[in-house]
Amino acid sequence: MPRVPKRVPVFTPMPKLLRRGVTVATGDLDGNGIEIITGPAAGGANYQDPRVNLYNFVNGSVVFTTSHLAYTNGFIGGIWVA
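Now for a look at the structure at hand.

Describing the overall build of the protein chain
If you tally the helices and strands in the protein chain, you get zero helices and four strands. When the helices and strands of the protein chain are listed from N to C terminus, the series reads β-β-β-β. Burial statistics for the protein chain: of 82 residues in total, 30% are counted as buried. Pairs at least 24 apart in sequence give 46% of the contacts found in the protein chain among residues at least 6 apart. Counting only carbon and sulfur atoms, one obtains 55% of the accessible surface of the protein chain, whose full area is about 5,500 Å².

Comments concerning the sheet that holds strand E1 (residues 22-27)
Ordered in space as E1-E2-E3-E4, the four strands form an open sheet in which the pairing is antiparallel. Bordering the open sheet on either side are E1 and strand E4 (61-69), each of which pairs with just one other strand. Neighbour-to-neighbour, the strand axes of this sheet turn through a mean angle of 25 degrees, independent of strand direction. Taken together, the four bridges between strand E2 (residues 35-40) and strand E3 (residues 51-58) define a ladder with antiparallel strand orientation. Within E3, the position partnered with Glu35 by the bridge is Asn56.

Thoughts on the packing of aromatic side chains
This model, assessed by the stated rule, comprises two aromatic pairs. Both rings, one in Tyr55 and one in Phe64, keep their centres 5.6 Å apart while their planes meet at 70 degrees; by these two values the pair is edge-to-face. The class for Phe64 is partly exposed, based on a relative accessible area of 46%.

Description of the environment of Arg20
Mapped onto the elements of the fold, Arg20 is located in the segment before E1. Note on Arg20: relative accessible area 55%, which makes it exposed. Along the backbone, Arg20 and Gly43 are 23 residues apart, and their C-alpha atoms lie at a distance of 6.5 Å.

Quick look at the side chain of Asn56
Tracing the backbone through its elements, the reader meets Asn56 in strand E3. Only 2.7 Å separates the side chain of Asn56 from the side chain of Thr65, close enough to count as a polar contact.

Cut-offs used in this document
- Residues numbered from 1 in each chain as written.
- Predicted model: local features only at pLDDT ≥ 70, side-chain atom pairs only at ≥ 80, totals over all residues.
- Heavy atoms only, no water.
- Helix = DSSP H or I, 4+ residues; strand = E, 2+ residues; numbered from the N terminus.
- Buried < 20%, exposed > 50% of the residue type's maximum accessible area, 1.4 Å probe, protein only.
- Contact = heavy atoms within 4.5 Å.
- Areas by Shrake-Rupley, 256 points an atom, 1.4 Å probe, with all protein chains shown as cover.
- Pairing = 2+ DSSP bridges.
- Axes fitted to C-alpha atoms, helices over the stretch in contact; angles between N-to-C directions.
- Phe/Tyr/Trp six-rings, centres within 6.5 Å; stacked < 30°, edge-to-face > 60°.
- Polar contact = N/O pair within 3.5 Å; in protein donor to acceptor, adjacent residues only side chain to side chain.

Here's what the structure looks like:
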């Protein structure tokens, strides 16, 4: 069983254009360690790319794994991943 970190290093899950916040969830989705899932919060009128991002926690670092466009571009309703 993978060791659960007490702290995750600071990382930027979304572009700096996003000013309304980020929703975050964590878990072990594939049985090999900790994953971090992020999505933009609602109301990001200045950021219209509704992507869910997946990161893995590998050897003490957060590593981008994949991204999925959850809605069509321009959607600003937010993505609640938790």
